[in-house]
Amino acid sequence: MGKDYYSILGVEKKASKDEIKKAFHKLAHKYHPDKNGGDDKKFKEVNEAYQILSDENKRAQYDQFGAAGPNMGGGQSYGGGFDGFDFSQFTQGNEFGFDMGDIFGDIFGGGNRRAKNRRGADLQTSISLDFKESIFGVDKEIRITKPSTCTTCKGNGAKPGTELHTCDQCNGSGVVKSIQRTILGSIATTQVCNKCDGTGKIPKEACQTCKGKGVVNEPRTIKVSVPAGIQNGETLRLQSMGEAIKGGQSGDLYVRISVTPHKTITRQNHDLVSTLSIKLTDALLGAEYAVETLDGSLPIHIPAGTKIGDTVVLKNQGVPTSTTKRGNFIVKLNISLPEKLSKRAKEVIEELKKEGI
């Protein structure tokens with residue numbers, strides 16, 4: 001099944017929606033990356049589990065097909081036809097009506113730090129490679145629509161040539177404080193200022209391109225350098241190529257690799273494997289053949305007395321392991337037996353049979 005989302009949240013498979021929500025609430029607060037002792041990896045994992053188990057349709061698909069099933073990506077999508085996910089809901093408000101990283105902001109003293117450490121969402125897309133590209137590596141370009149830093153104002157939201165001045169709502173701190181009433185009583189909370197987006201500055205004149213937002217949602221072409229030897233299902237991380245936000249760090253873009261199988265060649269770790277059918281007489285007497293590799297057609301010698309399942313190994317013709325070394329290309333030999341025999345062939349075989357061959 002792959003990832004066990006129930007174990008990640010620490011709930012039973014028959015857990016109710018409320019139980020799942022409470023478990024998520026507790027773990028998300030524990031692992032939030034903007035809190036001391038937080039864990040970004042576990043926070044994302046918890047968020048991913050909740051996105052699946054809180055949705056009835058996705059939960060049903062997960063229970064039937066596991067994490068590899070359809071629509072298991074979770075979150076939102078940017079760009080035409082790209083599957084995406086959004087790990088930023090806790091930094092930009094969530095279904096509970098408050099920011100879990102902020103609700104105890106004054107207690108942990110994290111208000112100003114939080115305004116400075118805002119981060120855009122991580123995004124995900126996928127690209128397809130043919131088998132040869134996956135073995136030798138390739139540079140690809142992908143087109144994705146996502147929030148990107150405005151090139152006109154360089155992300156500060158101000159019209160070029162104009163000044164920024166201190167935000168009058170947060171007095172330049174980038175955060176605002178308020179009283180949050182909870183079942184535990186009144187708690188002082190700290191939230192990112194929505195007027196300056198946590199920067200502490202607002203433009204005197206707004207940029208005409210982004211209308212002062214500092215980011216624009218538009219198509220971008222991104223170059224992806226796929227390393228040699230990548231395998232189907234692996235993921236590349238492009239740092240800071242995800243969602244851009246004003247006054248904060250851009251998220252990352254994760255590119256999932258899909259490799260189209262080769263018609264005759266398969267992969268075993270760093271070796272490439274192919275099957276070659278040879279004639280019975282060539283197996284008995286030996287012969288020269290040509291085999292198709294990713295480097296073109298190469299000659300191989302079939303030794304006399306070859307048996308079904310024997311192999312011929314072409315050294316250093318497999319998957320690159322370094323700039324100078326590669327795995328091997330292994331040719332598995334299969335002996336083709338004739339379906340019909342001529343009278344002459346039968347006579348010859350009878351003679352061989354008499355000799356004990």
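Residues numbered from 1 in each chain as written. Predicted model: local features only at pLDDT ≥ 70, side-chain atom pairs only at ≥ 80, totals over all residues. Heavy atoms only, no water.

**Brief notes about the sheet that holds strand S1 (residues 123–129)**
Next, step 1: Read across the sheet, three strands follow the order S1-S9-S8 without closing on themselves; strand pairing throughout is mixed. Looking at strand neighbours, the two that pair on one side only are S1 and strand S8 (235–238), the edges of this open sheet. For this sheet the average axis-to-axis angle between neighbouring strands, irrespective of direction, equals 25 degrees. (Pairing = 2+ DSSP bridges. Helix = DSSP H or I, 4+ residues; strand = E, 2+ residues; numbered from the N terminus. Axes fitted to C-alpha atoms, helices over the stretch in contact; angles between N-to-C directions.)

**Quick word on the pattern of salt bridges**
Next, step 1: By the definition in use, this model includes 16 salt bridges.
Next, step 2: The closest approach of N and O atoms between Asp122 and Lys44, which form a salt bridge, is 2.4 Å. One end of the pair, Asp122, is in the loop between helix H6 (111–116) and S1; the other, Lys44, is in helix H3 (residues 40–53), with 78 residues separating them in the sequence.
Next, step 3: Of the charged contacts in the structure, one is a salt bridge between Lys140 and Glu133, with a shortest N-O distance of 3.4 Å.
Next, step 4: Through salt bridges with shared partners, a single network forms among Asp40, Lys44, Arg119, Asp122, Arg237 and Asp252. (Salt bridge = Lys/Arg side-chain N within 4 Å of Asp/Glu carboxyl O.)

**A word on the sheet that holds strand S10 (residues 265–268)**
Next, step 1: Taken together, the four strands give an open sheet; going across it, the order is S10-S11-S15-S14, and neighbouring strands pair in mixed fashion. A strand with exactly one partner marks an edge of an open sheet, and here the two such strands are S10 and strand S14 (311–314). Each neighbouring strand pair of the sheet contributes to a mean axis angle of 30 degrees, computed without reference to strand direction.
Next, step 2: Of the strand pairs in this sheet, S10 and strand S11 (residues 271–279) are connected by four bridges, and their pairing is antiparallel. Within the sheet, the bridge partner assigned to Ile265 lies in S11 and is Ser274.

**Considering the packing of helix H2 (residues 17–31) against H3**
Next, step 1: Closest axis-to-axis distance for the H2/H3 pair is 9 Å, and the angle between their directions is 165 degrees. Taken together, the axis directions place H2 and H3 in an arrangement best described as roughly antiparallel. Crossing hand, H2 versus H3: left-handed. Judged by residue contacts, Ile20, Lys21, Phe24, Leu27, Ala28 and Tyr31 of H2 engage Asp40, Lys42, Phe43, Val46, Asn47, Tyr50 and Leu53 from H3.
Next, step 2: Across the contact of H2 with H3, the residue classes tally to nine nonpolar, one polar and three charged. (Parallel < 35°, antiparallel > 145°, perpendicular 65-115°, else oblique. Left-handed = near helix turned anticlockwise from the far one by under 90°. Contact = heavy atoms within 4.5 Å. Nonpolar A, V, L, I, M, F, W, Y, C, P; charged D, E, K, R; others polar.)

**Re the pairing of strand S15 (residues 329–336)**
Next, step 1: As paired strands, S11 and S15 are joined by eight bridges and run parallel to one another. Residue pairing across strands places Lys279 opposite Ser336, the latter belonging to S15.
Next, step 2: In terms of strand pairing, S14 meets S15 through four bridges, oriented antiparallel. Of the residues in S15, the one forming a bridge with Val313 is Ile330.

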